Amino acid sequence: MSNPRTLKDWFIALRPWSFSTSAIPVIATLAFVCFASHHDIDLGPSASAPDYANGFLSLLMIMLLHGGGNLVSDYYDHVRRVDLPGCPNGVHWISSGVFRPREILVYGLLLLAIGAAVGVLILFRSDIEVLWIGVLAVALPLGYPWLKAHALGDVDILLCFSVLPALGTCFVMTGVYYLPVLFLSLPYGLLTVSILHANNTRDRANDRRAGLLTLPLILGWQASRRLYVAYLVVPYLLVLFVMGFYFGHSATILCLLLVLLTLPVAVRNIRAMMTAETEDKQDIGALDQMSAQLQLVFGLSYSLGFALASFV
């Protein structure tokens, strides 16, 4: 190795710009539980007062698991020759020689182990009943490379960064599985999936060369573009339903109004995808980053709306 690694190198290898996708589900659920407790929404007959410490421990756990999953995925993409020098996704710390492949793998497994240890602490503070979510939270990041290669990456991401953290965070905070929280997680969850879909749509040629079978390769260029638009439009329709019908609480108008402020970002992204003539990097090379920006501002607005509505 030509240059010594710095702390910045170790941090950048985690792809920290992607952490909003794991943080938003927990933050949004924290805000919703706060909203529910202040407005006496019935979460179930055995629901307890919110344990916010467990909520913040869940935030730490999921970010550790996310970082570890990123590293393990990068290792296997390198081993399978998905990420070669000059590939458009910007993951180059192995191919450039900054890190050896085994270092990235060990680094990832270590973070997954620490995240699992935080999960064990949460179990001691809540109930062993939630163990199945913790097991899946570790298994799904490890299985992501295989699932992505078999057109199941979108499902993996929706489970990891929407369904499981929302359901698990609500349980460890309140002691009950409040199933409607799954529906509440879909708006930001679909936007998180749109990041992967934009990435895989851009990387169709590279993934085909590597022998992967991603969803955009099955759908083709035109259908993949339409699916991307659906991933961005449906969350706003779901928020309209949640805010206007499900709760029927005037305070939730705050949530709706704040989310609608992010519409220009969504329109920008839709225009970028639908006006692209090809999937090469000149047309949609930055669309995964633009999608991550939308997921972040949407998720924060959604969460802030519930948090503010707690006190209205």
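All values derive from a computational prediction rather than experimental measurement.

Description of the packing of aromatic side chains
Now for step 1: On inspection of all chains with the given rule, the structure shows 13 aromatic pairs.
Now for step 2: Aromatic side chains Y302 and F306 sit 5.4 Å apart centroid to centroid with 75° between the ring planes, which places their arrangement in the edge-to-face category. With a gap of 4 residues between them, Y302 and F306 both fall in helix α14 (residues 287-309), about one helical turn apart. With respect to burial, Y302 and F306 carry one shared label: buried.
Now for step 3: A connected cluster of aromatic rings, assembled from ring pairs, spans F32, F35, Y178, Y188, Y236, F298, Y302 and F306.

Some remarks on the nonpolar core
Now for step 1: In terms of nonpolar packing, the biggest core is built from 82 residues, with F32, V181, M243, F298, Y302 and F306 touching the most fellow members.
Now for step 2: Not counting chain neighbours up to four residues away, the residues in contact with F298 comprise P187, Y188, L191, P235, Y236, V239, V259 and T262.

Let's talk about the packing of helix α6 (residues 153-174) against helix α7 (residues 180-202)
Now for step 1: Closest axis-to-axis distance for the α6/α7 pair is 8 Å, and the angle between their directions is 150°. In the packing of α6 onto α7, the handedness of the crossing is right-handed. In contact with G153, D154, I157, L158, F161, S162, V163, A166, L167 and C170 of α6, α7 contributes V181, L182, S185, L186, Y188, G189, L190, T192, V193, L196 and H197.
Now for step 2: A per-class count over the contact of α6 with α7 returns 14 nonpolar, 6 polar and 1 charged.

Observations regarding a nonpolar patch on the surface
Now for step 1: Together, W146, L152, V155 and L159 give the surface a local cluster of nonpolar side chains, amounting to about 350 Å² of exposed area.
Now for step 2: With respect to the helices and strands, the residue L152 is situated in the loop between α5 (131-149) and α6.

Some remarks on the side chain of T174
Now for step 1: Position of T174 relative to the elements: it lies in helix α6.
Now for step 2: For T174, a relative accessible area of 1% corresponds to the buried category.
Now for step 3: From its side chain, T174 meets the backbone nitrogen of V176 in a polar contact 3.4 Å long.
Now for step 4: With near-sequence residues (within four places) excluded, T174 lies in contact with V33, L43, S46, A47 and S48.

Section: the pattern of salt bridges
Now for step 1: Counted by the stated rule, this structure contains 6 salt bridges.
Now for step 2: Among the salt bridges present, the one from R15 reaches D74, with a minimum N-O distance of 2.6 Å. Highlighted residues: R15 in the loop between α1 (7-12) and α2 (20-38) and D74 in helix α3 (residues 52-79), separated in sequence by 59 residues.
Now for step 3: The shortest N-O distance in the salt bridge between D288 and R202 comes to 3.2 Å.

A short note on the confidence of the model for the protein
Now for step 1: Within the protein, residue pLDDT values average 86, and 90% of them lie at 70 or more.
Now for step 2: Mean pLDDT across the elements of the protein bottoms out in helix α13 (residues 281-284) (66) and peaks in helix α12 (residues 263-274) (95).

Observations regarding helix α11 (residues 253-260)
Now for step 1: Residues of α11 that are buried include every one of C255, L256 and V259, and no others. Along the long axis of α11, the arc covered by the buried residues comes to 100°, so they all point the same way.

A word on unusual backbone geometry
Now for step 1: Positive phi, normally seen in glycine, also occurs at R15, with a value near 60°.
Now for step 2: Among the residues examined, R15 registers a relative accessible area of 17% and is labelled buried.

A look at the environment of G168
Now for step 1: Within the secondary structure, G168 sits in helix α6.
Now for step 2: With a relative accessible area of 9%, G168 lands in the buried category.
Now for step 3: Considering only alpha carbons, one finds G168 and V26, 142 residues apart in sequence, at a separation of 9.0 Å.
Now for step 4: The contact partners of G168, leaving out residues within four places of it in the chain, are V130 and I133.

Some details on the environment of F56
Now for step 1: Inspection of the secondary structure puts F56 in helix α3.
Now for step 2: Placed 108 residues apart in sequence, F56 and L164 show a C-alpha to C-alpha distance of 16 Å.

Quick notes on the packing of α3 against α5
Now for step 1: Remark: α3 packs on α5, axes separated minimally by 9 Å, with the N-to-C direction vectors making an angle of 25°. In terms of axis orientation, α3 runs roughly parallel to α5. In the packing of α3 onto α5, the handedness of the crossing is right-handed. Contacts from L65, G69, V72, S73, Y76 and D77 in α3 reach A137, V138, P141, L142, Y144, P145 and K148 in α5.
Now for step 2: Partitioning the contact of α3 with α5 into residue classes produces 9 nonpolar, 2 polar and 2 charged.

Structural notes on the side chain of D156
Now for step 1: Within the secondary structure layout, D156 lies in helix α6.
Now for step 2: Salt bridges are absent for the buried D156, whose nearest opposite-charge side chain, K148, sits at 11 Å.
Now for step 3: Look past the residues within four positions of D156 in its chain and what remains in contact with it is L140, Y144 and L147.

Definitions and cut-offs
Residues numbered from 1 in each chain as written. Predicted model: local features only at pLDDT ≥ 70, side-chain atom pairs only at ≥ 80, totals over all residues. Heavy atoms only, no water. Phe/Tyr/Trp six-rings, centres within 6.5 Å; stacked < 30°, edge-to-face > 60°. Helix = DSSP H or I, 4+ residues; strand = E, 2+ residues; numbered from the N terminus. Buried < 20%, exposed > 50% of the residue type's maximum accessible area, 1.4 Å probe, protein only. Core = buried A, V, L, I, M, F, W, Y, C linked by side-chain atoms within 4.5 Å. Contact = heavy atoms within 4.5 Å. Axes fitted to C-alpha atoms, helices over the stretch in contact; angles between N-to-C directions. Left-handed = near helix turned anticlockwise from the far one by under 90°. Nonpolar A, V, L, I, M, F, W, Y, C, P; charged D, E, K, R; others polar. Patch = residues over 30% accessible without salt bridge, like charges linked within 9 Å, V, L, I, M, F, W, Y side chains within 5 Å. Areas by Shrake-Rupley, 256 points an atom, 1.4 Å probe, with all protein chains shown as cover. Salt bridge = Lys/Arg side-chain N within 4 Å of Asp/Glu carboxyl O. Polar contact = N/O pair within 3.5 Å; in protein donor to acceptor, adjacent residues only side chain to side chain. pLDDT = per-residue confidence, 0-100. Arc of directions from axis to C-beta. Parallel < 35°, antiparallel > 145°, perpendicular 65-115°, else oblique. Lys, Arg positive; Asp, Glu negative; His and termini not counted.

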